[in-house]
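Reading the structure
Here is how the chains run, residue by residue.
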Amino acid sequence: MSIALTGSSTSNSTQQEPLRVMVVDDSVVIRGLIARWVAAEPDMVVAASLRTGLDAVNQIERVNPDVAVLDIEMPELDGIAALPQLLAKKRNLIVIMASTLTRRNAEISFKALSLGAADYIPKPESTREAGAADIFHHDLIQKIRSLGAKVRRSVPASPHLPATSPPLAPALPRQPLSRPPLTPVAHPPLTRRAFGSQAPRALLIGSSTGGPQALMTLVAEIGAVIDRFPVLITQHMPPTFTTILAEHLARSSHRPAHEAVDGEIVKAGTVYLAPGGRHMRVVRRGAEVAIALDDGPPVNFCKPAVDPLFSSAIDVWQGGILAVVLTGMGSDGMRGGKEIVAAGGSVIAQDEATSVVWGMPGAAANAGICSAILPLGQIAPKLVRLFSGDRS
């Protein structure tokens, strides 16, 4: 099956051209599904539908896509081998890796992020399962739209960008430069509130798109906080992927990190990660704090979601909470962040320039609940100071 649709120029000069999406997958069923979903969106067109990574590499200059949905396992040239070649030919290409939920594919997806892929998405085991297909459909279209919007903003004002123009520092240091510098976007001043008067007793972190790389960067620099205080993280991520992420966080932080287990006691010195497919909360059990996992419905279209963790922590630590909202789509974490602030705690958001998608941190910042809105590289030093007694 091969589809080659191209978007025509609009007669309305104020209307933006639709996002051009290249679908690369050796499964005719998956290619057909994704192509139909993309074609049904008014702001997207299918630029090409291709069977192998080799086809994508050979045709990318002709197709000129904005976004590529790239399968991992394909004949001739697989996704992980095709990725650097695609980015070499089009440095501002947004690549979303697609794979089934196996440990091997989860590991490959993490490697792809380090090589410049913007995000990943798990494919359902069977497209006959309506629920799984619906989630895949919703998540994929949201990722294409959100990530595509960022690359659109990154197009330089001049039609000719000199080859020697120095790019800005990348948002995530472990990723190679694969996109041109962002054009600054003017925003009204954001309200910042004073940090809470109580000393923080726990660090809570929420993240989504772009989160794995941001988390690994952050935990590598907050060892002094991890050693003395509980650190709990909710990253929007499916099962198996969270297992791999926990292992990466342990290596980055040189501290114990694992998927949280229902009923385990929360202690300083360990990083607890919400397991894929289950919400993570904390509960008071006498003098101790314990993990409580549940299999309830998605919150903010996510499972695990950040809001359940943030909200539950108030009954445990009251105003002694410091929450961080990192890069991600949507607004998860904003509602729970409001509750934390109302209880006397504090919220820090990652800034727009260093976020892969400024959805979650942007929602918190625009809600006026943040005491600081910082580039990723400045968050860890700020956390170390705050947990050492600095209240400014």
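Owing to the predicted nature of the structure, the values given are computational and were not obtained by experimental measurement.

1. Some words on the sheet that holds strand 2 (residues 44-50)
The parallel open sheet is built from 5 strands, whose spatial order is 2-1-3-4-5. Every other strand in the sheet has two partners, leaving strand 2 and strand 5 (119-122) as the edge strands with one partner each. Going across the sheet, the axis of each strand differs from the next one's by a mean of 20 degrees, ignoring polarity. Inspection of the sheet shows strand 1 (residues 19-24) paired to strand 3 (residues 67-71) by 4 bridges, in the parallel sense. When the bridges of strand 3 are listed, Val-24 appears paired with Leu-70. On top of the sheet, helix 1 (residues 28-39) reaches strand 1, strand 2 and strand 3; it is set at about 160 degrees to strand 2, its chief contact.

2. Observations regarding the nonpolar core
Ranked by internal contacts, the top residues of the largest apolar core, which has 64 residues, are Leu-203 and Leu-383. When residues of this core are assigned to their parent elements, the largest contribution, 6 residues, is made by helix 12 (residues 376-387). Here Leu-383 is in contact with Leu-203, Leu-218, Ile-222, Val-225, Leu-322, Val-324 and Ile-348, once residues within four sequence places are set aside. Core analysis: the next-biggest nonpolar cluster, separate from the first, contains 33 residues, Val-306, Trp-317, Val-341 and Ile-373 among them.

3. A few points about the packing of helix 2 (residues 53-63) against helix 3 (residues 79-89)
Running from amino to carboxyl end, helix 2 crosses helix 3 at an angle of 0 degrees, the nearest separation of the two axes being 10 Å. Classified by the angle their axes make, helix 2 and helix 3 are roughly parallel. Along its contact with helix 2, which presents Gly-53, Ala-56, Val-57, Ile-60 and Glu-61, the element helix 3 presents Ala-82, Gln-85, Leu-86 and Lys-89. For the contact of helix 2 with helix 3, the residue count by class is 5 nonpolar, 2 polar and 2 charged.

4. Brief notes about helix 8 (residues 241-253)
With 13 residues, helix 8 extends 18 Å from end C-alpha to end C-alpha; this agrees with the ideal 18 Å at 1.5 Å per step. Among all positions in helix 8, only Phe-241, Thr-242, Ile-244, Leu-245, Ala-246, His-248, Leu-249, Ser-252 and Ser-253 are buried.

What counts as what
Residues numbered from 1 in each chain as written. Predicted model: local features only at pLDDT ≥ 70, side-chain atom pairs only at ≥ 80, totals over all residues. Heavy atoms only, no water. Pairing = 2+ DSSP bridges. Helix = DSSP H or I, 4+ residues; strand = E, 2+ residues; numbered from the N terminus. Axes fitted to C-alpha atoms, helices over the stretch in contact; angles between N-to-C directions. Contact = heavy atoms within 4.5 Å. Core = buried A, V, L, I, M, F, W, Y, C linked by side-chain atoms within 4.5 Å. Buried < 20%, exposed > 50% of the residue type's maximum accessible area, 1.4 Å probe, protein only. Parallel < 35°, antiparallel > 145°, perpendicular 65-115°, else oblique. Nonpolar A, V, L, I, M, F, W, Y, C, P; charged D, E, K, R; others polar. Expected span 1.5 Å × (residues − 1).

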